[in-house]
Amino acid sequence: MSRPFNTIAVLLLTFFTAQSTYATSLIQPTKSVAPNSIVWRPCQDTTKFEFKFYCGMLTVPMDYKDPSLGNIQLPVTIHRATATKLGTLIINFGGPWENDVTGLHRQFDRYSPTVREHYDMVSFTPRGVAPNPINCHPADKNQFEEIQRTQNLTYMNSDLGATTQYTLSQQSRQLCSYDTLSKHAGTRNTMQDVDMLRKALGLEKISYLGYSYGTHLGLAYLLAYPQHVDKMMLDSNFPPSNDYAVVTDDTAYGIENVFRSFFQFCVDAGSKRCAVYQPAPQDIQAQYQALINRAIAEHGIPTSSSKSDDQRFSVAMLQYMSEIVAAGDVAHWPQLATAWHQAIVDNNADLLMALYVDATGYEPAKQQYSDYNLNAMPSPVVCNDFTMPSYYDSSTAWIDAMNRLRQKYPLAGAAVVTRLYSNICIGWPRTTEPLLPVDPKPITQATPTVLLVNNLYDPVTPLSSAQSVSRYLTRLNVKNKVLAWAGVGHMSYAVLAPTDGCIYNNVDAFFATGKLPTIEMCTDKVNPFIYPYPEHP
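What this report covers is the structure whose coordinates are included nearby.

About the thresholds
- Residues numbered from 1 in each chain as written.
- Predicted model: local features only at pLDDT ≥ 70, side-chain atom pairs only at ≥ 80, totals over all residues.
- Heavy atoms only, no water.
- Helix = DSSP H or I, 4+ residues; strand = E, 2+ residues; numbered from the N terminus.
- Buried < 20%, exposed > 50% of the residue type's maximum accessible area, 1.4 Å probe, protein only.
- Areas by Shrake-Rupley, 256 points an atom, 1.4 Å probe, with all protein chains shown as cover.
- Core = buried A, V, L, I, M, F, W, Y, C linked by side-chain atoms within 4.5 Å.
- Contact = heavy atoms within 4.5 Å.
- Disulfide = S-S within 2.5 Å.
- Salt bridge = Lys/Arg side-chain N within 4 Å of Asp/Glu carboxyl O.
- Pairing = 2+ DSSP bridges.
- Right-handed = clockwise from strand over helix to strand, strands pointing away.

## Observations concerning the overall build of the protein chain
Okay, so step 1: Within the protein chain, the regular secondary structure consists of 17 helices and 14 strands.
Okay, so step 2: Buried residues in the protein chain amount to 61% of all 537 residues.
Okay, so step 3: Surface summary for the protein chain: the accessible area is close to 20,400 Å², and the carbon and sulfur share equals 50%.

Following this line, the structure appears as structure tokens:
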């Protein structure tokens, strides 16, 4: 799941019972729905891969509480074990959500032979993604697209920017009319889809691997069906909370931590290996802040082709570009540092603009985004899953909250909250069904084992979130362990961690034996932001 650079930019935009009910289930499923079988056929679009995949469709109710609404079909794919089978591993790539069928095909060779050969590897495309997309049908498409364009070009670390974002989010929500599916696209239904898949596969127990938002799904499934979980690995963990303010605060902390860590590693690397080197981290931070202030005062940073203020590299673009790189991987930090250096020293944003165009599909001459997708809005899933903060209720409360975040996290602050997640739910009906139990009782009749993997410098889901999940699982009497990788970016195993490194070795051992690692930190790289890139001239 090694994602293209522009996929990271997209990220920055958005019960059914078992056959016998367990008294220790902490999320109570709704009444049982009869499972269906899957008709498997060779996948038509995988001939370019050396591995053999089969595809099929899983039929599930649109709403497990109201079967009268009819069914939907979810695409499913499987790669069968080629050696002694150790189990079946269901994978969710997060989002919410993505086309996990093509995701597994695309990423399959990143998984180790231990997992590929000894597990049936299964993935399904969740409700909310084609062929069951959450469609926004805007009353006025042109106005809707203009709102989106304005939001993308608004600098949010200011009262004016926060007010603008709040107003535009309200207008955007008012313009959107969603399909019926949007009301039923939350994790409560999706976790039941996972169990419907387990039944269709004819299994008593499954193993599960979830990335990012897929960790939220995995935790919910574990609480509802602990007796059906063998081994579970959660990579890049969402906090175990129903309060979305906790999620956004964790992400703001994560981005702040990544920026400050980069400044320190830049000092450690020296002037030959870091383009924005200064003798102390606070000096680099001051240099970066001065660049932002200049972009505000001069209506952007000029490029070689800019002929007006509208064509300059705006402060909103500078902010957004930094967030994209923070959420990406190490490969782009040296590029961003070099681009910052050009803007600081030469007052030229050519390199910044090139990075921005590559990441977002922005067309400077037209001042628009070529690949914006009206249907790529994950808000119903997120808004259905969490209790939204009270500061959604008015623009005044919103600005007060943004100011508090700016003071707490000056490098990320309000920007990450409004850009990454929170503003998508302004105006959305509040959920009345919190997903996770606030005071969970121990699981006593099942023995799942959970490995929690997280990058040390993950800006979206910081290591502290995985540690919170670990404490939550310990309260449930679930055996678990946190294994961190001292790397930068979002997601580790089969994504950013080296395929011959510590994370792979420990994950292989876990899936092969069920034994949790004895170590807590993998350190494969000396300087995760700089190494192994060449010296700066």
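## Considerations on the nonpolar core
Okay, so step 1: Counting 131 residues, the largest nonpolar core has Phe262, Phe313, Trp333 and Trp340 as its most contacted members.
Okay, so step 2: Ranked by residues supplied to this core, first place goes to helix α8 (residues 244–269) with 12 residues.
Okay, so step 3: Among residues more than four places away in sequence, those in contact with Trp333 are Val258, Phe262, Val325, Ala326, Trp340, Val488 and Phe529.
Okay, so step 4: Within the second largest apolar cluster, 33 residues are counted, among which are Met121, Val453, Val495 and Leu516.

## What about unusual backbone geometry?
Okay, so step 1: Note that the residue after Gly95, namely Pro96, is joined by a cis bond; omega there is 0°.
Okay, so step 2: Considering the arrangement of structural elements, one finds Pro96 in the loop between β4 (87–92) and α2 (100–107).
Okay, so step 3: Each neighbour pair has its own omega, and for Pro96 with Trp97 the value is -25°, a cis peptide bond.
Okay, so step 4: By secondary structure assignment, the location of Trp97 is in the loop between β4 and α2.

## Here we look at the state of the cysteines
Okay, so step 1: Taken as a whole and judged by the stated rule, the model has 4 disulfides.
Okay, so step 2: Paired by a disulfide, Cys136 and Cys176 hold their sulfur atoms 1.9 Å apart. Across the S-S bond of Cys136 and Cys176 the torsion is about -90°, and the bridge reads as left-handed. Of the two residues, Cys136 sits in strand β6 (residues 136–138) while Cys176 sits in strand β7 (residues 176–178), which places them 40 residues apart along the sequence.

## Comments concerning the pattern of salt bridges
Pairing is possible between side chains that carry opposite charge, provided their charged atoms lie close to one another.
Okay, so step 1: Summed over the entire model, instances satisfying the criterion amount to 10 salt bridges.
Okay, so step 2: Asp439 serves as the salt-bridge partner of Lys441, at 3.7 Å between the closest nitrogen and oxygen.
Okay, so step 3: A salt bridge links Asp439 to Arg475, with the nearest nitrogen and oxygen atoms 3.7 Å apart. With Asp439 in the loop between α15 (413–421) and β12 (449–457) and Arg475 in helix α16 (residues 463–475), this pair connects stretches of sequence that are 36 residues apart.
Okay, so step 4: Residue Asp439 is classed as exposed on the basis of its relative accessible area, which comes to 51%.
Okay, so step 5: Residue classification places Arg475 among the partly exposed residues on the basis of a relative accessible area of 41%.

## Quick look at the pairing of strand β8 (residues 206–211)
Okay, so step 1: Of all 6 residues in β8, 6 are buried, a share of seventy percent or more.
Okay, so step 2: What you see with β8 is no split at all: Ile206, Tyr208 and Gly210 on one side and Ser207, Leu209 and Tyr211 on the other are buried throughout.
Okay, so step 3: Where β8 and strand β9 (residues 229–235) come together, 5 bridges link them in parallel fashion. From the neighbouring strand, Leu209 faces β9, where its bridge partner is Met233.
Okay, so step 4: Handedness of the β-α-β unit built from β8, helix α7 (residues 213–224) and β9 comes out right-handed.

## Some words on the pairing of strand β3 (residues 71–79)
Okay, so step 1: A large share of β3 lies buried, amounting to 7 of its 9 residues.
Okay, so step 2: Direction of pairing for β3 relative to strand β5 (residues 119–124): antiparallel, over a ladder of 4 bridges. In the strand pairing of β5, Val76 is matched with Phe124.

Honestly, that's just the spatial picture; any functional story needs more than this.
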